[in-house]
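Overview (structure and organization)
Spelled out, the chains give:
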Amino acid sequence: MLKIFGGMIIGSIMILMLLGGASAADQVLANVQNLYLDQINRPDTTTTLLLLVILSIFLASLTAWPTKPVMDTKQVIKNLRRHCS
């Protein structure tokens, strides 16, 4: 996993160097910052809808979470007598 991560970093550095060096890296960082700030200021509707759908599925799965069945008292006493005798 660490090798893959390191390879991705080295590959992206090599691509940036081939595309123009430091000026290309500065342009990429500027684009990322602009997109990030723009996204914070006004989130698009698809992101909002996706988050709402994921949240509703999560809450629905919590309500449908299986609970441990409660054993009948007579059955518990019967099992205890069987193991204790």
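So, how was this worked out
- Per chain, residues are indexed from 1 in the order of the written sequence.
- The predicted nature of this model means local features are confined to residues of pLDDT at least 70 and side-chain atom pairs, given and counted, to a pLDDT of 80 or more, with totals for whole chains, interfaces and linings taken over all residues.
- Side-chain measures were taken over the full set of non-hydrogen atoms in the model, leaving aside hydrogen atoms and water.
- Starting at the N terminus, helices and strands are each numbered in turn, a helix being any DSSP run of H or I of at least four residues and a strand any DSSP run of E of at least two.
- The globule rule used here is 2.2 Å times the number of residues to the 0.38 power, and the radius of gyration it is set against is calculated over C-alpha atoms.
- Buried, partly exposed and exposed residues are distinguished by accessible area as a fraction of the type maximum, computed with a 1.4 Å probe on protein chains only: under 20%, between the cut-offs, and over 50%, respectively.
- A 1.4 Å probe and the Shrake-Rupley method give the accessible areas. Residues count as covered only by the protein chains that appear here.
- Charge assignment: positive for Lys and Arg, negative for Asp and Glu; neither His nor the chain ends contribute.
- For charged residues, the charge sits on one atom: NZ in Lys, CZ in Arg, CG in Asp, CD in Glu.
- Helix span is expected to be 1.5 Å times the residue number reduced by one.
- What pLDDT conveys is the predictor's confidence in a given residue, as a value from 0 to 100.
- The patch calculation keeps residues exceeding 30% relative accessible area without a salt bridge and links them within 9 Å when they carry like charges or within 5 Å when they are nonpolar (Val, Leu, Ile, Met, Phe, Trp, Tyr).
- Definition used for salt bridges: Asp or Glu carboxyl oxygen within 4 Å of a side-chain nitrogen of Lys or Arg.

Next up on the list: the overall build of the protein chain. Looking only at helices and strands, the protein chain has 4 helices and 0 strands in total. Element order for the protein chain, N to C, with α for helix and β for strand: α-α-α-α. The C-alpha radius of gyration of the protein chain comes to 28 Å, more than 25% above the 12 Å expected for a compact globule of 85 residues. Projecting the C-alpha coordinates of the protein chain onto the three principal axes gives extents of approximately 85 × 35 × 15 Å. Taking all 85 residues of the protein chain together, 2% fall into the buried category. Here the protein chain has roughly 8200 Å² of accessible surface; of this, 72% comes from carbon and sulfur atoms. Side-chain charges in the protein chain split into 7 positive and 4 negative, and the spacing between the mean points of these groups amounts to 34 Å.

Before going further, it helps to spend a moment on helix 4 (residues 73-84). With 12 residues, helix 4 should cover 16 Å at 1.5 Å per step; its first-to-last C-alpha distance of 16 Å lies within 8% of that length. The buried fraction of helix 4 is low, at 0 of 12 residues.

Looking at the protein chain, the pLDDT average stands at 81 and 96% of residues meet or exceed 70. When pLDDT is averaged over each helix and strand of the protein chain, the minimum, 80, is found for helix 2 (residues 22-41) and the maximum, 87, for helix 3 (residues 45-63).

A cluster of nonpolar residues, Leu2, Phe5, Ile9, Ile13 and Met17, forms a patch on the protein surface that exposes about 560 Å² of accessible area. Relative to the helices and strands, Leu2 is located in helix 1 (residues 2-19). Overall, Leu2 belongs to the exposed group, its relative accessible area being 70%.

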